[in-house]
Amino acid sequence: MTAPVFLLGEDRPLAPGRVLLDGPEGRHAVSVRRLRPGEEIVLTDGRGTGGLGTVAEVAGKDRLTVEVTEIRHESAPAPRITVVQALAKGDRGELAVETMTETGVDAVVPWTAARCVTRWTGERGEKSLAKWRATAREAGKQARRLRLPEVTGPMSTRQVAALLADAAFAAVLHEEGTEPLAAAPLPEDGEIVLVVGPEGGVTPDELAAFTAAGARPYRLGPTVLRTSTAGTAATALLLGRTGRWS
(Lines give C-alpha, C1' and ligand atoms only; values in the text may rest on other atoms or scores of the structure.)
Protein backbone atom coordinates (compact mmCIF):
# COMPACT_ATOMS: atom_id res chain seq x y z
CA MET A 1 0.00 0.00 0.00
CA THR A 2 1.38 3.43 -0.93
CA ALA A 3 2.02 5.99 1.78
CA PRO A 4 -0.78 8.49 2.54
CA VAL A 5 -0.40 12.07 1.31
CA PHE A 6 -0.91 15.17 3.45
CA LEU A 7 -0.93 18.79 2.41
CA LEU A 8 1.65 21.01 4.06
CA GLY A 9 0.95 24.72 4.52
CA GLU A 10 2.29 26.99 1.78
CA ASP A 11 4.46 28.85 4.30
CA ARG A 12 6.45 25.73 5.12
CA PRO A 13 9.08 24.81 2.55
CA LEU A 14 9.76 21.14 2.01
CA ALA A 15 13.33 20.04 2.65
CA PRO A 16 15.07 16.97 4.10
CA GLY A 17 14.94 16.85 7.89
CA ARG A 18 12.28 17.21 10.58
CA VAL A 19 8.99 18.77 9.45
CA LEU A 20 5.99 19.50 11.69
CA LEU A 21 2.51 18.56 10.46
CA ASP A 22 -0.26 20.11 12.54
CA GLY A 23 -3.67 21.78 12.18
CA PRO A 24 -6.45 19.93 10.31
CA GLU A 25 -3.94 17.82 8.35
CA GLY A 26 -2.10 16.83 11.52
CA ARG A 27 -5.39 15.98 13.22
CA HIS A 28 -6.42 13.79 10.30
CA ALA A 29 -3.07 12.01 10.30
CA VAL A 30 -3.12 11.33 14.05
CA SER A 31 -6.78 10.93 14.98
CA VAL A 32 -8.28 9.54 11.75
CA ARG A 33 -5.45 7.68 10.00
CA ARG A 34 -3.86 6.88 13.39
CA LEU A 35 -0.33 7.10 12.03
CA ARG A 36 2.42 6.05 14.42
CA PRO A 37 6.21 6.49 14.54
CA GLY A 38 7.95 4.52 11.83
CA GLU A 39 5.08 4.62 9.33
CA GLU A 40 5.69 6.03 5.86
CA ILE A 41 4.11 9.34 4.90
CA VAL A 42 4.24 11.84 2.04
CA LEU A 43 3.97 15.60 2.47
CA THR A 44 3.21 17.88 -0.49
CA ASP A 45 2.83 21.56 -1.19
CA GLY A 46 0.14 20.72 -3.76
CA ARG A 47 2.19 22.35 -6.52
CA GLY A 48 4.33 19.40 -7.58
CA THR A 49 6.82 19.01 -4.73
CA GLY A 50 6.62 16.07 -2.35
CA GLY A 51 8.58 15.05 0.70
CA LEU A 52 8.84 11.31 1.38
CA GLY A 53 9.63 10.18 4.90
CA THR A 54 8.46 8.48 8.07
CA VAL A 55 6.62 9.62 11.17
CA ALA A 56 9.24 10.45 13.77
CA GLU A 57 7.04 11.53 16.69
CA VAL A 58 3.36 11.98 17.53
CA ALA A 59 2.52 14.78 19.96
CA GLY A 60 -1.10 15.04 21.04
CA LYS A 61 -4.17 14.61 18.84
CA ASP A 62 -3.22 16.96 16.02
CA ARG A 63 0.55 17.14 15.73
CA LEU A 64 3.25 14.87 14.42
CA THR A 65 6.82 15.27 13.25
CA VAL A 66 7.97 13.77 9.98
CA GLU A 67 11.55 12.84 9.14
CA VAL A 68 11.71 13.76 5.45
CA THR A 69 14.38 11.75 3.66
CA GLU A 70 13.65 12.42 -0.01
CA ILE A 71 12.29 15.33 -2.05
CA ARG A 72 10.54 14.73 -5.37
CA HIS A 73 9.44 17.28 -7.97
CA GLU A 74 6.77 16.69 -10.61
CA SER A 75 6.97 18.86 -13.70
CA ALA A 76 3.88 20.67 -14.88
CA PRO A 77 1.92 18.29 -17.13
CA ALA A 78 1.75 18.82 -20.87
CA PRO A 79 -0.67 19.34 -22.36
CA ARG A 80 -2.62 20.81 -19.44
CA ILE A 81 -6.24 19.65 -19.25
CA THR A 82 -8.92 22.03 -18.01
CA VAL A 83 -12.58 21.05 -17.73
CA VAL A 84 -15.27 23.73 -17.69
CA GLN A 85 -17.93 22.08 -15.56
CA ALA A 86 -21.49 23.44 -15.56
CA LEU A 87 -23.00 23.82 -12.11
CA ALA A 88 -24.99 20.71 -11.20
CA LYS A 89 -27.81 20.23 -8.74
CA GLY A 90 -27.34 18.40 -5.45
CA ASP A 91 -23.94 16.86 -4.92
CA ARG A 92 -23.38 15.98 -8.58
CA GLY A 93 -20.97 18.88 -9.03
CA GLU A 94 -18.83 17.67 -6.16
CA LEU A 95 -18.97 14.14 -7.58
CA ALA A 96 -17.70 15.45 -10.91
CA VAL A 97 -14.84 17.33 -9.23
CA GLU A 98 -13.92 14.29 -7.13
CA THR A 99 -13.75 11.79 -9.99
CA MET A 100 -12.05 14.19 -12.41
CA THR A 101 -9.40 14.92 -9.78
CA GLU A 102 -8.81 11.24 -9.14
CA THR A 103 -8.52 10.70 -12.90
CA GLY A 104 -5.96 13.48 -13.38
CA VAL A 105 -7.58 16.77 -14.49
CA ASP A 106 -5.39 19.85 -13.97
CA ALA A 107 -8.04 22.53 -13.49
CA VAL A 108 -11.80 22.77 -13.05
CA VAL A 109 -13.80 25.87 -13.98
CA PRO A 110 -17.32 26.17 -12.54
CA TRP A 111 -19.62 27.47 -15.28
CA THR A 112 -22.92 29.25 -14.72
CA ALA A 113 -24.70 27.95 -17.83
CA ALA A 114 -28.13 29.20 -18.87
CA ARG A 115 -29.84 25.88 -18.14
CA CYS A 116 -28.21 25.29 -14.75
CA VAL A 117 -30.83 24.66 -12.07
CA THR A 118 -28.31 25.55 -9.35
CA ARG A 119 -27.16 29.16 -8.97
CA TRP A 120 -24.14 30.27 -6.98
CA THR A 121 -25.06 33.62 -5.46
CA GLY A 122 -23.92 35.37 -2.29
CA GLU A 123 -22.96 33.28 0.69
CA ARG A 124 -24.36 30.12 -0.88
CA GLY A 125 -22.07 30.55 -3.85
CA GLU A 126 -19.04 31.02 -1.61
CA LYS A 127 -19.88 27.85 0.33
CA SER A 128 -20.42 25.86 -2.85
CA LEU A 129 -17.08 26.96 -4.28
CA ALA A 130 -15.37 26.10 -0.99
CA LYS A 131 -16.90 22.61 -1.19
CA TRP A 132 -15.61 22.09 -4.72
CA ARG A 133 -12.13 23.17 -3.67
CA ALA A 134 -12.16 20.98 -0.56
CA THR A 135 -13.37 18.05 -2.67
CA ALA A 136 -10.51 18.54 -5.14
CA ARG A 137 -7.99 18.77 -2.30
CA GLU A 138 -9.18 15.58 -0.58
CA ALA A 139 -9.56 13.64 -3.82
CA GLY A 140 -6.08 14.70 -4.89
CA LYS A 141 -4.59 13.40 -1.65
CA GLN A 142 -6.58 10.17 -1.97
CA ALA A 143 -5.18 9.73 -5.48
CA ARG A 144 -1.62 10.36 -4.15
CA ARG A 145 -1.16 13.44 -6.30
CA LEU A 146 1.67 15.87 -5.61
CA ARG A 147 0.15 18.51 -7.89
CA LEU A 148 -3.45 19.28 -6.92
CA PRO A 149 -5.90 20.68 -9.48
CA GLU A 150 -6.92 24.32 -9.44
CA VAL A 151 -10.61 25.11 -8.98
CA THR A 152 -11.20 28.64 -10.23
CA GLY A 153 -14.01 30.98 -9.33
CA PRO A 154 -17.25 30.59 -11.30
CA MET A 155 -17.25 31.94 -14.85
CA SER A 156 -19.92 33.29 -17.13
CA THR A 157 -20.40 32.14 -20.72
CA ARG A 158 -18.45 35.19 -21.96
CA GLN A 159 -15.54 34.37 -19.65
CA VAL A 160 -15.55 30.73 -20.73
CA ALA A 161 -15.48 31.81 -24.38
CA ALA A 162 -12.36 33.89 -23.67
CA LEU A 163 -10.75 30.87 -22.03
CA LEU A 164 -11.54 28.74 -25.07
CA ALA A 165 -10.08 31.34 -27.42
CA ASP A 166 -6.69 31.10 -25.69
CA ALA A 167 -6.59 27.27 -25.64
CA ALA A 168 -4.37 25.12 -27.85
CA PHE A 169 -7.40 22.84 -28.29
CA ALA A 170 -10.98 23.66 -27.32
CA ALA A 171 -13.98 21.35 -27.39
CA VAL A 172 -17.60 21.25 -26.27
CA LEU A 173 -19.05 17.87 -25.40
CA HIS A 174 -22.32 17.78 -27.30
CA GLU A 175 -24.64 14.92 -28.14
CA GLU A 176 -25.12 16.32 -31.65
CA GLY A 177 -21.40 16.56 -32.34
CA THR A 178 -20.55 14.77 -35.56
CA GLU A 179 -16.90 14.15 -34.71
CA PRO A 180 -15.74 11.78 -31.94
CA LEU A 181 -13.37 13.23 -29.34
CA ALA A 182 -11.37 10.02 -29.76
CA ALA A 183 -10.37 11.12 -33.27
CA ALA A 184 -9.77 14.84 -32.65
CA PRO A 185 -6.26 16.19 -33.42
CA LEU A 186 -4.66 17.04 -30.07
CA PRO A 187 -1.70 19.32 -29.28
CA GLU A 188 1.47 18.08 -27.62
CA ASP A 189 1.73 21.17 -25.43
CA GLY A 190 -0.34 24.10 -24.26
CA GLU A 191 -3.81 23.80 -22.78
CA ILE A 192 -6.76 21.62 -23.68
CA VAL A 193 -10.07 23.13 -22.56
CA LEU A 194 -13.16 20.96 -22.53
CA VAL A 195 -16.72 22.21 -21.83
CA VAL A 196 -19.25 19.98 -20.06
CA GLY A 197 -22.79 21.35 -20.12
CA PRO A 198 -25.57 21.08 -17.52
CA GLU A 199 -28.22 18.34 -17.39
CA GLY A 200 -30.46 20.49 -19.63
CA GLY A 201 -27.73 20.79 -22.24
CA VAL A 202 -25.81 23.63 -23.86
CA THR A 203 -28.09 26.25 -25.43
CA PRO A 204 -27.74 27.19 -29.13
CA ASP A 205 -26.55 30.68 -28.13
CA GLU A 206 -23.87 29.23 -25.83
CA LEU A 207 -22.72 26.80 -28.49
CA ALA A 208 -22.55 29.63 -31.01
CA ALA A 209 -20.43 31.73 -28.62
CA PHE A 210 -18.05 28.85 -27.99
CA THR A 211 -17.81 28.01 -31.68
CA ALA A 212 -16.97 31.63 -32.46
CA ALA A 213 -14.18 31.40 -29.86
CA GLY A 214 -12.65 28.45 -31.71
CA ALA A 215 -14.20 25.46 -29.94
CA ARG A 216 -15.83 22.61 -31.83
CA PRO A 217 -18.59 20.23 -30.69
CA TYR A 218 -17.49 16.65 -30.15
CA ARG A 219 -19.23 13.52 -28.96
CA LEU A 220 -17.79 10.95 -26.59
CA GLY A 221 -19.64 7.93 -27.86
CA PRO A 222 -23.08 6.54 -28.72
CA THR A 223 -24.48 7.13 -25.23
CA VAL A 224 -25.34 10.37 -23.43
CA LEU A 225 -23.54 10.75 -20.09
CA ARG A 226 -24.64 12.80 -17.12
CA THR A 227 -22.88 16.08 -16.44
CA SER A 228 -21.30 14.47 -13.37
CA THR A 229 -19.61 11.71 -15.38
CA ALA A 230 -18.94 13.19 -18.83
CA GLY A 231 -15.92 15.21 -17.73
CA THR A 232 -14.30 12.23 -16.07
CA ALA A 233 -14.78 10.01 -19.13
CA ALA A 234 -13.41 12.72 -21.42
CA THR A 235 -10.43 13.42 -19.15
CA ALA A 236 -9.51 9.74 -19.13
CA LEU A 237 -9.74 9.64 -22.92
CA LEU A 238 -7.52 12.70 -23.29
CA LEU A 239 -4.94 11.47 -20.78
CA GLY A 240 -4.62 8.25 -22.75
CA ARG A 241 -4.46 9.93 -26.16
CA THR A 242 -1.91 12.56 -25.14
CA GLY A 243 0.44 9.97 -23.66
CA ARG A 244 0.13 11.24 -20.10
CA TRP A 245 -1.06 7.79 -19.04
CA SER A 246 1.68 5.95 -20.92
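Preceding this section is the structure that the text describes.
First, a word on scope: everything that follows refers to the structure included in this document. This one's a predicted model, so the numbers in the text were calculated from it and none came from an experiment. (Residues numbered from 1 in each chain as written. Predicted model: local features only at pLDDT ≥ 70, side-chain atom pairs only at ≥ 80, totals over all residues. Heavy atoms only, no water.)

The subject of this paragraph is the pairing of strand S7 (residues 107–111). The side chains of a regular strand alternate between both faces of the sheet. In terms of burial, S7 is largely enclosed, as five of its five residues are buried. Every second residue of S7 is oriented toward a common face, with Ala107, Val109 and Trp111 on one face and Val108 and Pro110 on the other, all of them buried. Where the polypeptide runs from strand S6 (residues 80–86) across helix H2 (residues 92–103) and back to S7, its parallel neighbour, the crossover connection is right-handed. Judged from the two bridges that link them, S7 and strand S8 (residues 150–151) form a sheet pairing that is parallel. Looking at S8, one finds that Val108 is bridged to Val151. The parallel pair S7 and S8 is bridged by helix H3 (residues 122–142), and the resulting crossover is right-handed. (Buried < 20%, exposed > 50% of the residue type's maximum accessible area, 1.4 Å probe, protein only. Helix = DSSP H or I, 4+ residues; strand = E, 2+ residues; numbered from the N terminus. Right-handed = clockwise from strand over helix to strand, strands pointing away. Pairing = 2+ DSSP bridges.)

A few words on the sheet that holds strand S10 (residues 179–180). A sheet is described by the order of its strands in space; here seven strands give the open sequence S8-S7-S6-S11-S9-S12-S10, paired in parallel fashion. In this open sheet, the two strands that pair with only one neighbour each are S8 and S10. Pairing of S6 with strand S11 (residues 191–196), which is carried by six bridges, proceeds in the parallel orientation. Each residue of the ladder has a partner; that of Arg80, found in S11, is Glu191.

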